[in-house]
Amino acid sequence: MESIHISTAPLAELVRTMQYLDHSGLTTGSAGNASCRADPGGFWITPSAVPPGALTTASIVAMPLGSPAPVSTPRPSSEWRMHHDIYRERPKIGAIVHTHSTYATALACRRKSIPAFHYMVAVAGGNSIRCAAYATFGTQELSDYAMSALSGREACLLANHGVLALGITPMGAAKLALEVEELAKQYCIALQQGDPAILDEEQMRDVLKKFESYGQRIE
Ligand code: 13P
């Protein structure tokens, strides 16, 4: 019988991405997880409770979209529902990372969204980075809250928990998580000095328009 060839490239990228998050200080221990879309109709996700230094491509778990999660060893990330629902509802998203990065989580513990205190909040797709309502980790309720906070956005905070960042590739999603952490840090520092000025709707509309053509155009 002909054997089915499964490319290990996306699995290796997930391992590299978790290690990048770890080296960048965005994750500690086994907190956080990452996934990427797999064809047809599924996704790859990091295993539950395995620290980045111990991750191997063999430990990455395959998950179906739309049907109940199979029982697998190792077990998939406890947050597979959030990843699953984002791939199901957001066809352009190819990868997701979740972290408990320090400053973003500090704001999330105050259940504070990040407003347009700096124009760079537009990297997440709008004029704020919302904080989703609180629910227990790994639950469908948390996934539902996250989906609503992510409406029209590529990142959100999760109350008393952490951050979700979406992208086309795992490294792209990780870089957005890093941007969110930097913004959260700047916002926390600005708050210590008083109330930062917030850019208005029109100012942010101009920024979002400029973002459409910002950067290098690689044909
Ligand atoms: P997992 O190790 O199950 O992915 O959980 C880590 C985490 O960050 C839960 O929110």
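Presented here is a report on the structure given in the accompanying data block. The written sequence of each chain sets the order in which its residues are numbered from 1. Where totals are concerned, whole chains, interfaces and linings use all residues; where local detail is concerned, this predicted model gives features only for residues with pLDDT of at least 70, and gives and counts side-chain atom pairs only at 80 or more. Neither water nor hydrogens contribute to the side-chain values; these are computed over all heavy atoms in the structure.

What follows deals with the site of the ligand. All residues in the neighbourhood of the ligand are listed as Ser30, Ala31, Gly32, Asn33, Ser48, Ala49, Ser77, Ser78, Glu79, His98, His100 and His161. Whenever two N or O atoms come within 3.5 Å, that pair is a polar contact, provided that in protein one can donate a hydrogen and the other can accept it, and provided that, for residues adjacent in sequence, both atoms are side-chain atoms. Glu79 has a polar side-chain atom sitting 2.7 Å from an oxygen atom of the ligand. Measuring from an oxygen atom of the ligand, one finds a side-chain N or O atom of His100 at 3.0 Å. Here the residues of the shell around the ligand are counted per class, giving two nonpolar, nine polar and one charged. In this text, near means that some heavy atom of the residue lies within 4 Å of the molecule or strand in question. Residues are sorted three ways: Asp, Glu, Lys and Arg are charged, Ala, Val, Leu, Ile, Met, Phe, Trp, Tyr, Cys and Pro are nonpolar, and all the rest, Gly among them, are polar.

Numbering of helices and strands runs from the N terminus; a helix is a DSSP stretch of H or I covering at least four residues, while a strand is a stretch of E covering at least two. Checked against the element boundaries, Asn33 lands in strand β1 (residues 33–38). Throughout this description, buried means an accessible area under 20% of the type-specific maximum (1.4 Å probe, protein chains only), exposed means over 50%, and partly exposed covers the range between. Residue Asn33 is classed as buried on the basis of its relative accessible area, which comes to 6%. A polar atom in the side chain of Asn33 sits 3.1 Å from the side chain of Ser77. Once residues lying within four places of it in the same chain are set aside, the contact partners of Asn33 are Met18, Thr46, Ser77, Glu79, His83, Ile96, Val97 and His98. Residues are treated as being in contact if the distance between any of their heavy atoms lies within 4.5 Å.

Here the focus is the nonpolar core. Residues enter a nonpolar core if they are buried and are Ala, Val, Leu, Ile, Met, Phe, Trp, Tyr or Cys, with the set joined through side-chain atoms within 4.5 Å. In terms of nonpolar packing, the biggest core is built from 42 residues, with Val97, Ile114, Val121, Leu157 and Val180 touching the most fellow members. If you list the elements that add at least two residues to this core, you get α1 (9–23), β1, β4 (95–99), α3 (102–109), β6 (155–158), β7 (162–167), α5 (170–192) and α6 (201–211). Counting residues per element, this core draws most heavily on α5, at nine residues. Discounting chain neighbours no more than four positions away, the residues touching Val121 are Ile114, Pro115, Ala116, Gly126, Asn127, Ser128, Ile129, Leu183 and Met204.

Below, the discussion takes up the side chain of Glu181. If you trace the backbone, Glu181 turns up in helix α5. One buried charged side chain, Glu181, makes no salt bridge at all; its nearest oppositely charged neighbour is Lys185, positioned 7.2 Å away. His is not counted, nor are the chain ends; Lys and Arg add positive charge and Asp and Glu add negative charge. The salt bridge definition used is simple: a Lys or Arg side-chain nitrogen within 4 Å of an Asp or Glu carboxyl oxygen.

Turning to a negative patch on the surface, a few remarks are in order. Patches draw on residues past 30% relative accessible area with no salt bridge. Two like charges within 9 Å are joined, as are two nonpolar side chains (Val, Leu, Ile, Met, Phe, Trp, Tyr) within 5 Å. Using a 1.4 Å probe, the Shrake-Rupley method yields the accessible areas, and only the shown protein chains count as cover for residues. Charged side chains are reduced to one point each, which is NZ for Lys, CZ for Arg, CG for Asp and CD for Glu. The grouping of Asp200, Glu201, Glu202 and Asp206 at the surface amounts to a negative patch. Tracing the backbone through its elements, the reader meets Glu202 in helix α6.

The next subject is the pattern of salt bridges. Tallied over the entire structure, the rule returns four salt bridges. Among the salt bridges present, the one from Glu89 reaches Arg88, with a minimum N-O distance of 2.9 Å. Given a relative accessible area of 43%, Glu89 falls into the partly exposed group. Note that Glu212 and Lys209 form a salt bridge whose closest N and O atoms lie 3.2 Å from each other. For the residue pair Glu212 and Lys209, the accessibility class agrees, reading exposed in each case.

This paragraph deals with the environment of Arg110. Relative to the assigned elements, Arg110 resides in the loop between α3 and β5 (131–132). Among the residues examined, Arg110 registers a relative accessible area of 59% and is labelled exposed. Taking the C-alpha atoms as reference points, Arg110 and Leu157, 47 residues apart in sequence, are found 11 Å from one another.

Ring pairs shown here join Phe, Tyr and Trp side chains whose ring centres sit within 6.5 Å, with only the six-membered ring taken for Trp; geometry is labelled stacked below 30 degrees between planes, edge-to-face above 60, and tilted in between. Scanning the entire structure with this criterion turns up four aromatic pairs. Ring centres of Phe43 and Tyr87 lie 5.2 Å apart, and the angle between their planes is 35 degrees; on these two criteria the pair is classed as tilted. Taken as a pair, Phe43 in strand β2 (residues 42–45) and Tyr87 in helix α2 (residues 80–89) lie far apart in primary sequence, 44 residues in all. Arranged with centres 6.0 Å apart and planes meeting at 20 degrees, the rings of Phe211 and Tyr214 form a pair that is stacked. When its relative accessible area of 26% is taken as the criterion, Phe211 is described as partly exposed. For Tyr214, a relative accessible area of 70% corresponds to the exposed category. Here a set of aromatic residues connected by ring pairs shows up, and it is made of Tyr119, Phe211 and Tyr214.

A word on α1. Given the number of residues in a helix, its expected span is that number minus one, multiplied by 1.5 Å. An ideal rise of 1.5 Å per residue puts 21 Å on 15 residues; α1 measures up with 21 Å between its terminal C-alpha atoms. Residues of α1 that are buried: Leu11, Glu13, Leu14, Val15, Thr17, Met18 and Leu21. The secondary structure elements touched by the buried residues of α1 are β1, β2, β4 and α5. Of the residues trailing α1, Gly25 is marked for its positive phi of about 80 degrees.

All we've got here are geometric facts, nothing functional implied.
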